[in-house]
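Examining the three-dimensional arrangement
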Amino acid sequence: METVRTRPDTGQQGGLGRRLTRRQAVGSLVADASASPLRRTMGVGQLTLLSVGATLGTGIFVVLGEAVPEAGPAIVVSFVLAGVTALFSALSYAELAGMIPGSGSSYSYAYATLGELVAWVCGWCLILEYGVSVAAVAVGWGQYVNELLQLTVGVTLPDSLSAPPGDGGVLNIPAAAIVVLAMVVLLRGAKESAVANTLMVGVKIAALVMFCAVAFTAFRAGNFTPLFPLGTAGMSAGAASLFFSYIGFDAASTAGEEARNPQRDLPRAIILSLVLVTALYVLVAVAALGAMPWRKFEGTEATLSQVLVQSVGGGNLWPILLSVGAVVATTSVVLTVQYGQIRILFAMARDGLVPPLFAKVHPTTGVPRAGTVIVSVFIAVLAALVPLGSLADATSIGTLSAFMLVNLAVILLRRRSPEVPRSFRVPFSPVTPVLGVGFCAYMLFSLGTDTWIAFGTWMAVGLGIYWLYGMKHSTLSQQPDLQESV
């Protein structure tokens, strides 16, 4: 038997403006999290590794080959700039995750501060961020599978079966297959998924450390001269693209209803994961650029493996080991980000903004089973049909938009709900969250026009869905005592 929270329909409340700006009471969000049917099985270590698993590997293993030609050796600075931008938002996430330990992440934070319409926009951005990033990483997974096959048995899958239509293929079957495999693991339960992720995170950290040790044997300082061959604009463009590689540090915030001590452990997990990932990204970027001139990165797939093949020598042993690590790394990202997407939809369904099917939890596994299957099938189709570059840029714009709202939420909740307990407080607020908003805005306007057009189309579709379904079925319209005064 499956359970889902329902509330009686008592009719719409107030005029259109009031309905669009109605806010969830913080106490109601906390009560929802406390009464969640999801199972609390994760400690701080598993939560940290959940965020590391969702983050580490995406930019290094998949996007580096596309970002280096945009910035040259300054890609190292791009990683730092993207990391600082993420840090400001991570501090805001840490405060809000300890304050509202639910599964909705920044969607729930926006609901408590900026109103229902903005919360919907934030949730729609998160669907773009999580769902599209899983598809993008799945595409990169297929690239490394091909690289591994080439290195071990001397054959690769034909383009017709391993590339989307825009890249000369018909279907990217490996990309779809890894999404389906992740779905199978997720359906077993959160605890089992966390164990699998822990093992995979260990493998990918070991693979990256091995890469650095080997690549530094071919290090040439001259590869970093000039540092800014494409100017600061190139460095900014590289940072905007690489921001994709920081997506996932907030994954722990989607596990708020499956954490044993969320108020204490969520802030720690978010900050620890971001610091660890940033340090590894910068180290690997320095090693890669030092071993291979930046112009050779153009058009590479399985980039780190190519660095070892072209610059280090020593046969295929190191590239094979790295490719194995990359396959495991990207598998971990697919698993954990897919997990976060499903939990966000769970929270939105509980609030009535998407169909209640996404909030149904299986009594044996404690997993939103129907939501897991629906989301996974959608992502698998996306991964099979859309090229990597388009997916990465679309993910970045959705993420940056959501992060801006999180920083704003910290400022507003400090003013509106100063009495609510906070297990972590953003230092130097409101300066720090204001800087977070500014950095995100700077990165947003470094993205291309095509990306903005695609984002605008996505937002138009989302607003149409909200107008036709979400606004009418919102639980706040059915039980107005749950909302704060506007």
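1. Details of the overall build of the protein
Regarding its fold elements, the protein presents 19 helices and two strands. The C-alpha radius of gyration computed for the protein amounts to 22 Å, which stays within 12% of the reference 23 Å derived for 486 residues, consistent with globular compactness. With respect to the principal axes defined by its C-alpha atoms, the protein has extents near 70 × 50 × 40 Å. For the protein, the proportion of its 486 residues judged to be buried stands at 60%. Carbon and sulfur atoms provide 68% of the accessible area of the protein, an area that totals close to 17,000 Å². Once the 27 positive and 24 negative side-chain charges of the protein are each reduced to a mean point, those two points are 9 Å apart.

2. So, unusual backbone geometry
In this chain, Thr 225 is followed by Pro 226 through a cis amide linkage whose omega measures -5°. A cis geometry characterises the amide bond from Ser 429 onward to Pro 430, with omega recorded as 10°. Mapped onto the secondary structure, Pro 430 falls in the loop between helix H16 (388-416) and helix H17 (431-444). The backbone of Phe 428 shows a phi angle near 60°, a positive value even though the residue is not glycine. Following the sequence through the fold, Phe 428 ends up in the loop between H16 and H17.

3. Here's the deal with the confidence of the model for the protein
Scored by pLDDT, the protein has a mean of 82; 90% of the residues are at 70 or more. Here strand E2 (residues 483-484) stands out as the least confident element of the protein, with mean pLDDT 59; helix H12 (residues 262-291) is the most confident, with 90.

4. Points about the packing of aromatic side chains
Ring pairs (aromatic) are described by centroid distance and by the angle formed between their planes. If you walk through the whole model with that rule in mind, you get 15 aromatic pairs. Three or more aromatic residues joined by ring pairs form one cluster here, namely Tyr 93, Tyr 109, Phe 249 and Phe 403.

5. Some words on a nonpolar patch on the surface
Where nonpolar side chains cluster on the molecular surface, the patch consists of Leu 161, Val 170, Leu 171, Ile 173, Val 373, Val 377, Val 381 and Leu 385 and spans about 630 Å² of accessible area. If you tally residues by element for the nonpolar patch, the top one is helix H15 (residues 369-385), at four residues. With respect to the element layout, Leu 161 can be found in helix H8 (residues 159-162). Judged by relative accessible area, which is 38%, Leu 161 ranks as partly exposed.

6. Some words on helix H6 (residues 106-113)
Taking burial as the measure, the eight residues of H6 include eight buried ones, the bulk of the element. Along H6, the residues classified as buried are Ser 106, Tyr 107, Ser 108, Tyr 109, Ala 110, Tyr 111, Ala 112 and Thr 113. Phi for Gly 115, located one or two positions after H6, is positive at around 100°.

7. Things to note about the packing of helix H10 (residues 190-215) against helix H13 (residues 303-312)
Where H10 contacts H13, the two axes come as close as 11 Å, and the packing angle between them is 25°. In terms of orientation, H10 lies roughly parallel with respect to H13. Crossing handedness for the pair H10 and H13: left-handed. Packed against H10, whose contacting residues are Leu 208, Phe 211, Val 214 and Ala 215, the element H13 presents Leu 304, Val 307, Leu 308 and Val 312 at the interface. Residues belonging to the contact of H10 with H13 are distributed by class as follows: eight nonpolar, no polar and no charged.

What counts and how
- Residues numbered from 1 in each chain as written.
- Predicted model: local features only at pLDDT ≥ 70, side-chain atom pairs only at ≥ 80, totals over all residues.
- Heavy atoms only, no water.
- Helix = DSSP H or I, 4+ residues; strand = E, 2+ residues; numbered from the N terminus.
- Rg over C-alpha atoms; globule rule 2.2 N^0.38 Å.
- Buried < 20%, exposed > 50% of the residue type's maximum accessible area, 1.4 Å probe, protein only.
- Areas by Shrake-Rupley, 256 points an atom, 1.4 Å probe, with all protein chains shown as cover.
- Lys, Arg positive; Asp, Glu negative; His and termini not counted.
- Charge placed at Lys NZ, Arg CZ, Asp CG, Glu CD.
- pLDDT = per-residue confidence, 0-100.
- Phe/Tyr/Trp six-rings, centres within 6.5 Å; stacked < 30°, edge-to-face > 60°.
- Patch = residues over 30% accessible without salt bridge, like charges linked within 9 Å, V, L, I, M, F, W, Y side chains within 5 Å.
- Salt bridge = Lys/Arg side-chain N within 4 Å of Asp/Glu carboxyl O.
- Axes fitted to C-alpha atoms, helices over the stretch in contact; angles between N-to-C directions.
- Parallel < 35°, antiparallel > 145°, perpendicular 65-115°, else oblique.
- Left-handed = near helix turned anticlockwise from the far one by under 90°.
- Contact = heavy atoms within 4.5 Å.
- Nonpolar A, V, L, I, M, F, W, Y, C, P; charged D, E, K, R; others polar.

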